[in-house]
Amino acid sequence: MTHRYDRRQFLQSITAAGIATGLTASSSLRAMALNANPVRIGIIGCDTSHAVAFAKSFNKDVVTPGLEGFRIVAALPEASPDIENNQKRLPGFVEELKKLGVEMVSSMEELLRQSDVVMVESNDGRPHLRQALPAIQAGKKVFIDKPLSATLAEGIEIFNLAEKHNAAIFSASSLRYMDNAQAVAGGSIGKVMGADAYSPCALEKTHPDLYWYGIHGVETLFTVMGTGCQSVSRISTPDADVVTGVWEGGRIGTFRGIRGGKQDYGGTAFGEKGIAALGPYKGYEPLLLRIADFFRTGISPVPREATLEILAFMDAADESKRRKGASVTIEAMFKKANKHKR
């Protein structure tokens, strides 16, 4: 069997290989340069597993593409004094963070000196305004883990302060970035006519009910329904909550908060062109990719209005519970919050 030697084909092949090798080498050199001089992330609040999980992703030797060029370098290890479980878990999380190369600091001033950007990771929303304020005043980009705050009024204040000091704010649950939820939000089933979302909904006596854990399912609901919720009503029993929102145009979205029986994350979206399951949940990395992009650009992927409407929905759910299931308007929650702003 004879083989014809095609000089042109040979030259084209080695040229293409050279370009590919060059691109690979260039990408590798860029990644090495980024990792040699990374954007320094500081964490405040180490009483949640998120702090450790996020450090494992950002600080590992070979990071996921999209996370290169960042490193969590310092943490201020606060924990809520009146939440017993947070106090118990703090020492273990601190030791894990140290093993990942994160230095513990004793003041917010020191954290800001060592950090280019900041992540507020306390799972208690009550101190988030206080914790984020120095970084906001310094004009830094700040990711505030869910919930943004423990009240709508403080959530509004956080955004107003960020605008005043030209600081960028981003807050979200990782449940927002489930593949199917993002596909639905992007139009995979056409206009969303309604949705049902669910998540665990443990209660914490120091927090409004849904702020503690139900926010995960609430954010899933808002991811596919968007803004425009007008009224909220709630049925609550020891084992579950069912919160119904009515959106503009008569669209209905519900959140089921689970406390009894099997607990999981997910839901169903109903669209003009189809019906889609929401889930499964696959972990933190999709959120971390958005956080990294936010730190690069200063542009939050979730608008202020969407974040605040989630808080208003949860406030309205508590108000409806107090009123034994009566419908409460989102507008009323914003009016009440604006009266209480400092």
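Residues numbered from 1 in each chain as written. Predicted model: local features only at pLDDT ≥ 70, side-chain atom pairs only at ≥ 80, totals over all residues. Heavy atoms only, no water.

> I'd like a rundown of the packing of aromatic side chains, residues and numbers included.
On inspection of all chains with the given rule, the structure shows ten aromatic pairs. Ring centres of F70 and F295 lie 6.2 Å apart, and the angle between their planes is 40 degrees; this geometry places the pair in the tilted category. Of the two residues, F70 is situated in strand β2 (residues 70–76) and F295 in helix α10 (residues 285–297); the sequence distance between them amounts to 225 residues. Both residues of the pair, F70 and F295, belong to the buried class. (Phe/Tyr/Trp six-rings, centres within 6.5 Å; stacked < 30°, edge-to-face > 60°. Helix = DSSP H or I, 4+ residues; strand = E, 2+ residues; numbered from the N terminus. Buried < 20%, exposed > 50% of the residue type's maximum accessible area, 1.4 Å probe, protein only.)

> Requested: an account of the packing of helix α11 (residues 304–322) against helix α12 (residues 330–339), with residues and values cited.
Viewed as axis vectors pointing N to C, α11 and α12 meet at an angle of 100 degrees, and their least axial separation amounts to 9 Å. In terms of orientation, α11 and α12 fall into the roughly perpendicular class. Where α11 approaches α12, its residues L308, E309, A312, F313, D315, A316, E319 and R322 are matched on the opposing element by I330, M333, F334 and K336. Residues that form the contact of α11 with α12 fall into these classes: seven nonpolar, no polar and five charged. (Axes fitted to C-alpha atoms, helices over the stretch in contact; angles between N-to-C directions. Parallel < 35°, antiparallel > 145°, perpendicular 65-115°, else oblique. Contact = heavy atoms within 4.5 Å. Nonpolar A, V, L, I, M, F, W, Y, C, P; charged D, E, K, R; others polar.)

> If you had to explain the sheet that holds strand β7 (residues 192–200) to someone new, which residues and values would you point to?
Taken in spatial order, the seven strands make up an open sheet running β12-β11-β7-β10-β9-β8-β13, and their pairing is mixed. Taken across any chain shown, the strands that pair with only one partner, and hence form the sheet edges, are β12 (275–278) and β13 (328–329). Across the face of the sheet, helix α9 (residues 215–225) comes into contact with β7, β8 (229–237), β9 (240–247), β10 (252–258), β11 (266–271) and β12 while running at roughly 165 degrees to β7. Along the sheet face, α11 touches β8, β9 and β13 and points at about 45 degrees away from the line of β8. (Pairing = 2+ DSSP bridges.)

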